[in-house]
Amino acid sequence: MEDVRPVEDDCQAGHMQAAQAGHSRRNFIKGVIAAGASVSASSYVFKEGAVARAQAPGAVERLVTLTVNGRQRRVDVLPQETLATTLRYKLGLTGTKIGCDRSECGACTVLVDGVPQYSCSMLTHQVRGRALQTIEGLQAEDGTLHPIQQAVVDEQGFQCAFCMPGFVMNMVAMIDENPNPTRKEAAQFLSGNLCRCADYNKILNVALQGAEYTRRG
Amino acid sequence: MADYKLIGKPYSIADLVAKVTGRAKYAEDFRADGMLFAKLLSSPMPHGRVRSIDTSAAEAMPGVEAILTADDLPPVDAPGEAGLTNEPMYEGEPILAVAAVDETTAANAIEAIRVDMEPLPFAVDPLDSLRPGGSNARLDGNTMVNRELANVKWDDVDWAAIDRGEMQTNGEVAEEWEVGDVEAGLAEADLVIDETVFHQSMGHQPLESRTSMAYWQNGKCYLHTSTQSTQRTHGAAARGIGIAPEDLVLVAEYCGGGFGSKIFGSIQMKIPALLSQKAGKPVMMRITRQEEHFIGRARPGLQGRVKIGFRRDGRITAMDMFFVQDGGPYGMSGDYVVVPDQSTLMYQPLSHRFRGISVYTNTPPRSPQRAPGGLQAVSMFSPLMQKAAKELGIDPLEMIRINAPAGQAKLGRPDENGEQGNVSSAFVVEAADLAEQTFDWQAMRARSGQRNGTRVTGVGVALSSFNAGAWGMDGLLTIRPDGKVYIQQGIGNLGTGSVFDTGRAAMEALKTDWDQAEVIWGDTSKHLPWSIVQAGSNTIHTHTRTNYAAGEDARRKLQEIAAGDLGGSPDDYDVADGRVFRRGARSSGLSFAQAARRAIELGGRFDGHELPEDINAVTTGAATALAGLGLMGVARDNYPTGGRVISHAIGFAEVEVDVETGAVVLKDYRVSTDVGTVINPRGLAAQLHGGGIQGFSAALAQKWVYDRRWGLQVSKRFYTNRPPTILDVPHEQPMAWAAQDKPDPFNPMGAKGVGETAEGAGSGAVLCAIADALGDGYFNRTPLQLDLILTKIEQLPPAFSTLTAHV
Ligand code: FES
Ligand code: FES
């Protein structure tokens, strides 16, 4: 396993979650380098754009198949493209939010093989062949809400809700790992997500209520 | 308490399912065919003049479609802010914007643009600008005096004392007033507290940055944006773009946080709008976290000195305060004037004096931030109240009661006749009594000073009072032939729930179930009435009034229609459960659907073809567009007013301070409040606790750090300027709250707002609790971070002066 300690202190907010998920900014940067691109300090800046790309086709295969919310999706991906960008701008899955684009807030959290990951800090090329789940994939076909979603509605969870998709995905992972968490355990599990409306009291109510709904089945 | 059908009852908020399934669309979630992306070129220096811009290399790049500079923007008078500038006044201020086929190309174009800049003198600490010979943040002055730009220097001030951390109060100020005789009040006091105080500046940091997407169609601009308000933002955004309001459609159904920074949020909206006009294609401007940090607005910091006189029994005889405000480059916030305003209310001093000045600095622009001035007042003064209470041997909660405002208490700056204003209601003693019982304050107090290894328990209590409502806006609804009540809301949807909560006032007037209501909001093409800004905790009070007024108007019309069709007089009829019916004979009546069809047949005032004369022109326009769709309820809020609407909260915090490491753990937080009638208990709890935690953030966490030599900031992201995480707040058991549910006499349902009041209560209580844990550990500065706490514990000399900004 890779060294999962954050090597740059800009992982603070996501430290715990990153460690849980076996993912770090170092891995992300390694991934970028492996994919044949370099990462800039500026969040959204890619060194090779749509125009440049057309002139110099990359060495990495760009047309990839992703499994998102149980469906296979073919998508054209730049070597240095983050999963958050692909989800939001290529697949139209705008439920996943970008709050910082740099592992600081957790708004972009999605599940990769059931593990919560910051999709802003993960390359789309890293998730080929893995099962991705986003907020759009929680509701059942018949419209039934996932127990965590139901708990949000019942508890009037969250305020502006920009952090909500990330928190909810992390909660889904939480009840999978610990179906009966204490309030403190839930807080620890969710500590990689930031809520600027600071609705933490209700967020913990939602987490415990959602866990209970799940246990009741 | 009145017997309400809807008010005070929890219910399911209509937009939650959209939010929790990812279907809710925020500004950055919109796409348009051919959409370009904008990137900003921002100032690398705190103050400079653009000598020349060479865009030739960028323009030659394939995929670059338009470049917008300050010269393309409608002019703005000094000291106003344009959005793009040739004289940037803070690091990170946008100079120009590029639109290109994708963000990478736009960013590469930004890299290829050469801007030649002449550095200009700068000031990041307001005191540096007041020093004789000190440089100014602006070339045209460092402050405003009598609404004119002016240059103020403090020549006869003991600067050596200021450098030692003792604020001097003989420098020239821009504002001053006095109520009663402060010198006499201080002279008769048994105890005078005299302290230099410092409150930091801090960014709003909403999780959603201020992103917008714009396109033009048939001469109209369509703007998808992130703003707190809607109807009021519309006018501001149109002005910024330089078009008539009727040529702008503004869509903002969801907003990912604003906290005052997006009341209009219109300054940057013009950039994608004008880029789109220039390029002839839609433009999305996504703001990065780092850009948001600079352009995303901030609360002004304060440097000051305060003297408070107390009688032996705890009553405050005098408050004398002197403040310098860190105004940012455009100086748009009046926090320093609000501090005395709110203090005169919270502490009811027998005499009071204020002197203050706001000084321009080359730091990010200021705007109101949740409880502007109110938060700073509570953070600075609560620990002083606690200190006095200790010296006088008085329970700090009793100290709050002794000085508490009651009823229509007086507050604020006197008018030209020397008269102060008053509030509509204050039930502070009652909130204290409620807390005493519900929270067992005496048991909490008994834990003060308890040691657990190296950790010492401290408890603190603080009163916070802040604005909670306005009046005079309009309500508008239609009851349509589908039997539903369509409530038009011009306020925004920040997730507080108030856009729905206030709509319930209309249904309360109609005594009809909530599932028969549809709330229309967030899109100015949907005909929204004249509304208050979604800010200042105004909406709950202001728009329960408007919607109740519209509901009452609709009810009268329903009664008139029923009387006309079924005989008798309107008063013989009642309205409830989606029907108008004869009193005592429920089966004789009309359903809302039937009445709506009759209203359309009758026309005139029944269906909005004739409108009241006293409504705002904006409402007239909206109502005219809706005329003929059904029975219209439309009215200006003409309910009686009884003074400024203010709510009150008392926060109680329990902390553990590790006296070896200086670490603070927040163990518990409880809050008791006077918010009038509770409209939505879950929404209220969210405001009380969320606001309280933002208060913790002000007390303990957020600040800026500047490299003073270069005027550059080193704390530009969440991780260097970090708001609390879930582990930083009490999380082992739920936080408690209590509300008295005592109606405000000047609202049809007795409602008052709460969002802002909540923040100071959290901040003040935590600051007091930490000071309590350290015995008499009074601190003169916020935020209270490890360095200050350890310096105090170790009794070391401070590393920097109390008055130094941005360290
Ligand atoms: S962690 Fe903030 S957007 Fe990814
Ligand atoms: S609800 Fe607004 S950021 Fe969490």
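Thresholds applied
Residues numbered from 1 in each chain as written. Chains lettered and ligands numbered in written order. Predicted model: local features only at pLDDT ≥ 70, side-chain atom pairs only at ≥ 80, totals over all residues. Heavy atoms only, no water. Helix = DSSP H or I, 4+ residues; strand = E, 2+ residues; numbered from the N terminus. Rg over C-alpha atoms; globule rule 2.2 N^0.38 Å. Buried < 20%, exposed > 50% of the residue type's maximum accessible area, 1.4 Å probe, protein only. Contact = heavy atoms within 4.5 Å. Areas by Shrake-Rupley, 256 points an atom, 1.4 Å probe, with all protein chains shown as cover. Buried area = accessible area lost by both parts, 1.4 Å probe. Salt bridge = Lys/Arg side-chain N within 4 Å of Asp/Glu carboxyl O. Polar contact = N/O pair within 3.5 Å; in protein donor to acceptor, adjacent residues only side chain to side chain. Pairing = 2+ DSSP bridges. Axes fitted to C-alpha atoms, helices over the stretch in contact; angles between N-to-C directions. Domains from an automatic or database assignment. Phe/Tyr/Trp six-rings, centres within 6.5 Å; stacked < 30°, edge-to-face > 60°. Lys NZ or Arg CZ within 6 Å of the ring centre and 35° of its normal.

Per the secondary structure count, chain B includes 22 helices and 34 strands. Relative to the compact-globule value of 28 Å for 807 residues, chain B shows a C-alpha radius of gyration of 27 Å, a close match. Here the C-alpha coordinates of chain B stretch approximately 85 × 75 × 55 Å along the principal axes. A buried classification covers 66% of the 807 residues belonging to chain B. For chain B, contacts bridging at least 24 residues in sequence account for 78% of all contacts bridging at least 6. When the accessible surface of chain B is split by element, carbon and sulfur atoms take 48% of a total near 26000 Å².

Our next topic: the overall build of chain A. Along its length, chain A carries 8 helices and 5 strands. Each helix and strand of chain A, placed in order from N terminus to C terminus, yields the pattern α-α-α-β-β-α-β-β-β-α-α-α-α. Across chain A, contacts joining residues at least 24 apart in sequence account for 60% of those joining residues at least 6 apart.

Across the boundary between the two partners, chain A contributes 60 residues, which contact 72 residues of chain B. Between chain A and chain B, the buried area comes to about 5500 Å², and carbon and sulfur atoms account for 58% of it. The interface formed by chain A and chain B includes 5 salt bridges. In this structure, Arg88 of chain A and Glu28 of chain B form a salt bridge, with 3.3 Å as the shortest nitrogen-oxygen distance. Joining chain A to chain B, the criterion identifies 24 residue pairs in polar contact (both at pLDDT 80 or more).

All names here are of chain B. Here we have 4 strands laid out as an open sheet, ordered 25-24-23-29, and mixed in their pairing. Each of the sheet's edge strands pairs with one partner strand only, and the pair in question is strand 25 (517-520) and strand 29 (631-636). Each adjacent strand pair in this sheet contributes to an overall mean axis angle of 20°, direction not counted. As judged from the 6 bridges shared by strand 23 (residues 474-479) and strand 29, these two strands associate in the antiparallel manner.

On to the domain arrangement of chain B. Residue and element names in this part refer to chain B. Segmentation of chain B into domains returns domain 1 (30-120 + 210-285), domain 2 (299-469 + 643-793) and domain 3 (472-636). If you average the C-alpha positions of domain 1 and of domain 2, the two centres end up 37 Å apart. Facing 15 residues of domain 1, the contacting portion of domain 2 comprises 18 residues. Surface buried jointly by domain 1 and domain 2 totals about 1300 Å² across both partners, of which 57% is contributed by carbon and sulfur atoms. On the domain 1 side of the interface with domain 2, the three residues burying the most area are Tyr90, Glu91 and Phe259, jointly 40% of the side's total. At the junction of domain 1 and domain 2, the tally comes to 1 salt bridge.

Turning to the packing of aromatic side chains, a few remarks are in order. Summed over all chains, the structure comprises 19 aromatic pairs over all chains. Look at Tyr11 of chain B and Trp514 of chain B: their rings are 5.7 Å apart centre to centre, the planes differ by 80°, and that puts the pair in the edge-to-face class. Taken together, the positions of Tyr11 of chain B in the segment before helix 1 (16-20) and Trp514 of chain B in the loop between helix 16 (503-509) and strand 25 put the pair 503 residues apart, joining distant regions of the chain. When sorted by exposure, Tyr11 of chain B lands in the same class as Trp514 of chain B, which is buried. In textbook terms, an aromatic cluster arises when at least three aromatic residues are bridged by ring pairs, as seen for Phe162 of chain A together with Tyr26, Tyr254, Phe500 and Trp521 of chain B. Sitting above the plane of the Tyr89 of chain A ring, Arg31 of chain B keeps its charged end 3.8 Å from the centroid.

So, on to the pairing of strand 2 (residues 71-76) of chain A. Relative to strand 2 of chain A, strand 1 (residues 63-68) of chain A runs antiparallel, the two being bridged by 6 bridges. Bridge pairing in strand 2 of chain A places Leu63 of chain A opposite Asp76 of chain A.

Any two side chains of opposite charge can pair, on the condition that their charged atoms come close. For the structure on display, the rule yields 62 salt bridges over all chains. Notably, a salt bridge pairs Lys387 of chain B with Glu195 of chain B, separated by 3.4 Å at the nearest N-O pair. Of this pair, Lys387 of chain B sits in helix 11 (residues 374-392) while Glu195 of chain B sits in strand 9 (residues 191-199), and the two are 192 residues apart along the sequence. Overall, the relative accessible area of 25% leaves Lys387 of chain B in the partly exposed class. The closest approach of N and O atoms between Asp668 of chain B and Arg670 of chain B, which form a salt bridge, is 2.7 Å. Overall, Arg670 of chain B belongs to the buried group, its relative accessible area being 18%. Because the salt bridges share partners, they merge into one network encompassing Arg88 and Lys97 of chain A together with Glu28, Asp29, Glu103 and Arg286 of chain B.

The next subject is the domain arrangement of chain A. Residues and elements named next belong to chain A. By the assigned domains, chain A splits into domain 1 (59-137) and domain 2 (138-217). Opposite the 19 residues of domain 1 that make contact, domain 2 presents 15 residues. Summed over both partners, the interface of domain 1 with domain 2 buries about 1200 Å², with 64% contributed by carbon and sulfur atoms. In this assembly, domain 1 and domain 2 are joined by 0 salt bridges. Those elements that provide at least two residues to the side of domain 1 that touches domain 2 are strand 3 (109-112) and strand 4 (115-118).

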